[in-house]
Amino acid sequence: MNNPAASPDIDPIDRLTILAAALPGAVVRQRHITASFDAVWRVVADLEQATPRYEPSVAHVRIIERHGELLRVLVEDTAGREEAMDAKLRPGWCLMQSATVVVAFAARPVGSETLLAHLEHRRAPAPVPSQSGSHQRRAAEEKIDQELRTIERLATQGRP
Amino acid sequence: MDPAKVAAAQQGDALALDQLLDELAPYVRRLCARIAPAAADDATQEALLAIFRGLPSLHAPEAIMAWVRSVTVRTAMRLVREPDRELAAGPAPAHGDVPSFEGLADIDDALARLPPSQRAVLVLRTREGLSEREIATALGIPAGTVKSRLHRARAAFREMWEA
């Protein structure tokens, strides 16, 4: 008889859902991407080169420490402000956190394609709450959707 | 479980939450697999969601394991009682008190055939080593009810095992 109590790893998409449950206000979107898991994850895991291409507010990313899955990165925004982030990166799971934001990606293969989920969460309140909560949320969802489309484009570039 | 790590997770530290999830998930899955074998995956995910959603309400970080146990057991019990999930359980009885003895494979199989309420108390007592008082707290039922369910569960298990 199979051991029913055996503990496989949590599916990354399920893990992201659980993480979001603990972060009130977190925005999560997901997209079926018409590219293999390897192609998608190659983009997501390339923090230094790929992040500025899909995240409009980021100009540069530099990895300054790496200990296995744990990284420390410096992120410079388009206004020249620099912020340190702690990150955890392994196939199918990327979690980054600074003093002000949490960003996460989760992916799993679906046949020859990939389901990619993306979470963004602001730890500190937004400085100028000029929009209503629902408007802010819709804007955050649209931003993430755009990023997922860009990642899909990057993952499918050069594909025969 | 490091209370400082739990407190950090309660404050929304995502990396602490991630680590907490790694530490709690095997325990939650084990409990769900034993109490709700036909719905272990769903029960595990729902219990973990309830735990992480409710984390800020935990007043004593050092008591996290008892709280996690209670949330998990109640979630597993709720799911195992849902009729469609019980149908998926195959030979396990839905709500009856008379388990089937046919084709019994091993102890886990015998446990899976007990009615859910009896299975839960027997698993918590014999597999998890909880006291009757701890079981009562986890399930939110009187200690006397735990005692009577244990008695019936042991009798049913013995009858099944010796048949």
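Keep in mind the model is a prediction, meaning the values are calculated, not measured.

A. Here's a closer look at the overall build of chain A. Check the secondary structure of chain A and you find four helices and seven strands. A burial count over chain A gives 43% of its 160 residues as buried.

B. A look at the overall build of chain B. When its secondary structure is counted, chain B shows nine helices and zero strands. In chain B, the succession of α and β elements from N to C terminus is α-α-α-α-α-α-α-α-α. Burial analysis of chain B (163 residues in total) assigns 51% to the buried set. When contacts within chain B are restricted to residue pairs at least 6 apart in sequence, long-range pairs at least 24 apart make up 59% of them. A total of about 7,400 Å² of accessible surface is found on chain B, and carbon and sulfur atoms cover 52% of it.

C. How the structure looks around helix 4 (residues 133-156) of chain A. Residue and element names in this part refer to chain A. In this model helix 4 runs 35 Å from its N-terminal to its C-terminal C-alpha over 24 residues, within 8% of the 34 Å that 1.5 Å per residue would give. Those residues of helix 4 that sit buried are Ile144, Asp145, Glu147, Leu148, Thr150, Ile151, Glu152, Leu154 and Ala155. Check the buried side of helix 4 and you find it contacts strand 1 (27-33), helix 2 (37-45), helix 3 (47-54), strand 6 (101-110) and strand 7 (113-122).

D. Seen up close, the nonpolar core. Counting residues in hydrophobic clusters, the biggest one holds 69 residues, and the most contacted among them are Ile35, Phe52 and Leu139 of chain B. With 13 residues, helix 2 (residues 14-35) of chain B is the single largest residue contributor to this core. Leu139 of chain B has contacts with Val73, Arg74, Met77, Ala120, Val121 and Leu124 of chain B, leaving out every residue within four places of it along the chain. Ile33, Ala35, Val40 and Val58 of chain A belong to the second largest nonpolar core, which has 32 residues in total.

E. Representation of the sheet that holds strand 7 of chain A. Residue and element names in this part refer to chain A. Here we have seven strands laid out as an open sheet, ordered 1-7-6-5-4-3-2, and antiparallel in their pairing. If you trace the sheet from one side to the other, it starts and ends with strand 1 and strand 2 (58-67), each paired once. Between one strand axis and the next, the sheet turns through 20° on average, direction left out of account. Of the strands in this sheet, strand 1, strand 4 (82-90), strand 5 (93-97), strand 6 and strand 7 touch helix 2, which is tilted by about 165° from strand 6. Relative to the sheet, helix 4 contacts strand 1, strand 6 and strand 7, its axis offset from that of strand 1 by approximately 30°.

F. Broad picture of the confidence of the model for chain B. Residues and elements named next belong to chain B. Here chain B shows a mean pLDDT of 84. Residues at 70 or above account for 85%. This stretch, residues 86-97, has a pLDDT under 50; its non-local contacts, to residues over four places away or in other chains, come to 22 contacts. Under the prediction, the complex receives an ipTM of 0.89, its pTM being 0.83.

G. Structural view of the interface of chain B and chain A. At the junction of the two partners, chain B supplies 22 residues and chain A supplies 23 residues. Each partner contributes to the roughly 2,000 Å² buried at the junction of chain B and chain A, and carbon and sulfur atoms together form 65% of this total. One can count four salt bridges joining chain B with chain A. Put simply, the parts of the chain that give the side of chain B that touches chain A at least two residues each are helix 2, helix 3 (40-54) and helix 6 (107-113) of chain B. No other element matches helix 2 of chain B, which puts twelve residues into the side of chain B that touches chain A.

H. Just the pattern of salt bridges, in detail. If you walk through the whole model with that rule in mind, you get 20 salt bridges over all chains. Residues Asp77 of chain A and Arg81 of chain A are paired through a salt bridge, measuring 3.0 Å at the closest nitrogen-oxygen approach. In the salt-bridge network here, residues are joined through shared partners; they are Arg15 and Lys88 of chain A together with Asp18 and Asp22 of chain B.

I. Just the environment of Leu31 of chain B, in detail. Residues and elements named next belong to chain B. Relative to the elements of secondary structure, Leu31 occurs in helix 2. Among the residues examined, Leu31 registers a relative accessible area of 0% and is labelled buried. Residues Leu31 and Thr72, 41 residues apart in the sequence, show an inter-C-alpha distance of 7.3 Å. Residues contacting Leu31, with those up to four places away along its chain left out, are Arg69, Thr72, Val73, Leu124 and Glu128.

J. Inspection of the packing of aromatic side chains at higher detail. Residues and elements named next belong to chain A. Across all of its chains, the model carries two aromatic pairs over all chains by this definition. Pairing Phe37 with Trp41 gives two aromatic rings, centres 6.1 Å apart and planes at 0°, and the pair type is stacked. Placement of both Phe37 and Trp41 in helix 2 is noted, with a separation of four residues, approximately one turn of the helix. As far as the burial class goes, Phe37 and Trp41 line up, both buried. Their ring planes at 85° and their centres at 5.7 Å tell us that Tyr54 and Phe105 sit as a pair that is edge-to-face. Taken together, the positions of Tyr54 in helix 3 and Phe105 in strand 6 put the pair 51 residues apart, joining distant regions of the chain. The ring of Trp93 carries Arg15 above its face, with NZ or CZ at 5.5 Å from the centroid.

Criteria and cut-off values
- Residues numbered from 1 in each chain as written.
- Chains lettered and ligands numbered in written order.
- Predicted model: local features only at pLDDT ≥ 70, side-chain atom pairs only at ≥ 80, totals over all residues.
- Heavy atoms only, no water.
- Helix = DSSP H or I, 4+ residues; strand = E, 2+ residues; numbered from the N terminus.
- Buried < 20%, exposed > 50% of the residue type's maximum accessible area, 1.4 Å probe, protein only.
- Contact = heavy atoms within 4.5 Å.
- Areas by Shrake-Rupley, 256 points an atom, 1.4 Å probe, with all protein chains shown as cover.
- Expected span 1.5 Å × (residues − 1).
- Core = buried A, V, L, I, M, F, W, Y, C linked by side-chain atoms within 4.5 Å.
- Pairing = 2+ DSSP bridges.
- Axes fitted to C-alpha atoms, helices over the stretch in contact; angles between N-to-C directions.
- pLDDT = per-residue confidence, 0-100.
- Buried area = accessible area lost by both parts, 1.4 Å probe.
- Salt bridge = Lys/Arg side-chain N within 4 Å of Asp/Glu carboxyl O.
- Phe/Tyr/Trp six-rings, centres within 6.5 Å; stacked < 30°, edge-to-face > 60°.
- Lys NZ or Arg CZ within 6 Å of the ring centre and 35° of its normal.

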